[in-house]
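Chains, contacts and geometry: an overview
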Amino acid sequence: MSALESLGLSETIAAIATAAGEASIAVIRVSGSEAVSQVDRIFRGGRSLGRMKSHTVSYGHIVTLSEAAVLDEVLVTVMRGPRTYTTEDVVEISTHGGMNTVQSVLAEVLRTGVRLAEPGEFTKRAFLGGRIDLAQAEGIMELIQAQTDSARVAALSQVEGGLTQRVRGMRQALLELMAHLEVTMDYPEHDEEDATTRLVAARIRELLEDLRALIRYARDGRILREGLRTVIVGRPNVGKSSLLNQLARADRAIVTDVPGTTRDVLEETLQIAGVRLRLADTAGLRETEDPVEQLGVARSRRAMGAAELLLVVIDGSRALEEDDVRLLANTRDVRRIILVNKADLPHVVDLDEVVRLAGESPVIRYCAVNETGLLDLESAVVDLSFSQGHPRDMTFLANARHLALFERAGDVLERVVVAAESRVTIDLLAADVREAWVLLGEVVGETPREDLLDQIFRQFCLGK
Ligand SMILES: Nc1nc2c(ncn2[C@@H]2O[C@H](COP(=O)(O)OP(=O)(O)OP(=O)(O)O)[C@@H](O)[C@H]2O)c(=O)[nH]1
Ligand SMILES: [Mg+2]
């Protein structure tokens, strides 16, 4: 009996694995202990599917159960567990791609007694069958949904266990500490409590370092997936909308030489050097009597407040104004890139003054009508999007669930360090270490809760 059967998951399931719509082929995936025998009932080919070697393909036709009609000419792949996607026996039927064809073949598969799979059910079986852990399963979903190169690379690394290994390593370390604490508790006469407490505190401090790095990378992963919330700000007429249009390679925002053209916040999702940005153009910031423009300025300020990165635009063909100086001062503590725009026009602005006001932030001579400064902007965006020293092989798309668990585990471990320093009893320490170990276990699905599993796998598309 397979692992899945012992979990009562022996029902054979089927679904269309390819996207809906016309295409040259479509694939129906069937998984479960009866996959081969049931599909065999409606397959007519050179030989029966039951006699096929595992991981081979056979040409033939799908017929109705009554054999009254031929539904399609197909290629059928037979893959016997456990070396399959779900770890069960899997049959994949490649049909012609018309929706009617694939639907009628699926209907016939279901008529043999196979059940329609729920969204994500194949992947859930891969998890329950022990082939992948929860973080890897989530990586598969990320891979399907990845919209940029970097998101794809990171998702693949997660599927291949990048995140899992890190988490397992930390859990192992915690487990060793738990063992150490247990021994000390069992033999109190050895009077080793002090030494043990010191050792635990030191080791946990190291682990906290790792965990903090993991949290930073997890945040980077979120940026890869959802895009960095980036807002273009500056005085009226400095070229903010021109910049949005240039980066979006589209005529998205109205550009005129009238200051105060943009009133609403306009958002566009785009990629710069592989980084996904949710880029917003805003109304120029200035004191104004115009009630409509006032509303626009209020919106600009709200967008600025929620930004993860600011592109602060200054007009290089004019002297700095009070509004520029104020903006540069007010955004000092935000991640930002300063673009001194209109580099094609005679240079007027006092660049030294801008650099001084910029503090640590990069200052780039830019032009929104030719491409001056574009490469510098790209590399500045890459530098600022990810944590310093983010190792390439450590990219993974930790999601909000992972991040919350890491943060909770971090809180618990901080508590352990404080407690160890104030000499609480060993059993209290042990309880906290154990809690952190359980929390990290949830990341990889070591202690899965049924409702959590349902919630995660339901986000998958049908047939995956
Ligand atoms: N020569 C030159 N003109 C530019 C450049 N960028 C923008 N402009 C011009 O500057 C004027 C204002 O550009 P916009 O992009 O509308 O400026 P904005 O910052 O969005 O202005 P508001 O929406 O009013 O806040 C337009 O006439 C643009 O063509 C540039 O790099 N070089
Ligand atoms: Mg504008």
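Residues numbered from 1 in each chain as written. Chains lettered and ligands numbered in written order. Predicted model: local features only at pLDDT ≥ 70, side-chain atom pairs only at ≥ 80, totals over all residues.

1. Focus on the sheet that holds strand E6 (residues 90-96)
What the seven strands build is an open sheet, ordered E3-E4-E5-E6-E2-E1-E7; its pairing is mixed. In this open sheet, the two edge strands, each paired with only one partner strand, are strand E3 (43-45) and strand E7 (115-116). Judged from the eight bridges that link them, strand E4 (residues 56-63) and strand E5 (residues 70-79) form a sheet pairing that is antiparallel. By the bridge assignment for E5, His61 is matched with Glu73. Against the sheet, helix H3 (residues 99-111) touches strand E1 (13-16), strand E2 (25-31), E4, E5, E6 and E7, its axis set at about 15° to E2. (Pairing = 2+ DSSP bridges. Helix = DSSP H or I, 4+ residues; strand = E, 2+ residues; numbered from the N terminus. Contact = placed C-beta atoms within 7 Å. Axes fitted to C-alpha atoms, helices over the stretch in contact; angles between N-to-C directions.)

2. Some points on helix H11 (residues 322-330)
Buried within H11 are the following residues: Asp324, Leu327 and Leu328. Looking down the long axis of H11, one finds its buried residues gathered within 95° of arc, a one-sided arrangement. For H11, the exposed residues lying more than 90 degrees away from the buried face are Glu322, Arg326 and Ala329. Buried residues along H11 sit against strand E8 (228-234), strand E11 (309-315) and helix H12 (351-358). (Buried ≥ 20, exposed ≤ 12 C-beta atoms within 10 Å, placed from the backbone. Arc of directions from axis to C-beta.)

3. What to know about unusual backbone geometry
A cis amide bond, omega 5°, links Gly81 with the succeeding residue Pro82. For Pro82, the location among the structural elements is in the loop between E5 and E6. Of note, the phi angle at Glu67 is positive, near 65°, even though the residue is not glycine. As for its placement among the helices and strands, Glu67 is situated in the loop between E4 and E5. A residue is classified by how many C-beta atoms lie within 10 Å of it, and Glu67, with 10 of them, is exposed. Even without glycine at this site, Arg249 takes up a positive phi of about 50°. Of note, Arg249 is situated in the loop between helix H9 (240-248) and strand E9 (266-272).

4. Quick look at the confidence of the model for the chain
Of all residues in the chain, 93% attain a pLDDT of 70 or more, and the chain-wide mean is 87. The model gives residues 390-394 a pLDDT under 50, and that stretch makes six contacts with residues more than four places away or in other chains. (pLDDT = per-residue confidence, 0-100.)

5. Things to note about the site of ligand 1
Not every one of the 24 residues close to ligand 1 is listed here, only the nearest: Gly239, Ser241, Ser242, Thr262 and Gly284. The element that contributes the greatest number of residues to the shell around ligand 1 is H9, accounting for three residues. Each residue belonging to the shell around ligand 1 can be placed in one class, and the counts come to nine nonpolar, eleven polar and four charged. (Near = placed C-beta within 6 Å. Nonpolar A, V, L, I, M, F, W, Y, C, P; charged D, E, K, R; others polar.)

6. Things to note about the environment of Ile272
The topology assignment puts Ile272 in strand E9. Since 19 C-beta atoms lie within 10 Å of it, Ile272 is described here as partly exposed. Residues Ile272 and Thr425, spaced 153 residues apart in sequence, show a C-alpha to C-alpha distance of 53 Å. The contacts of Ile272, once residues within four sequence positions are left out, are Leu247, Leu277, Glu378 and Val381.

7. Digging into the nonpolar core
Core analysis: the largest hydrophobic core is formed by 121 residues, its most contacted members being Ile28, Val39, Val91, Val312 and Leu339. Sort the elements by how many residues they give to this core and helix H15 (residues 426-444) lands first, with ten residues. Contacts of Val312, omitting those with residues within four sequence positions, involve Val233, Gly234, Leu327, Leu328, Thr331, Arg336, Ile338 and Leu339. (Core = buried A, V, L, I, M, F, W, Y, C linked by C-beta atoms within 7 Å.)

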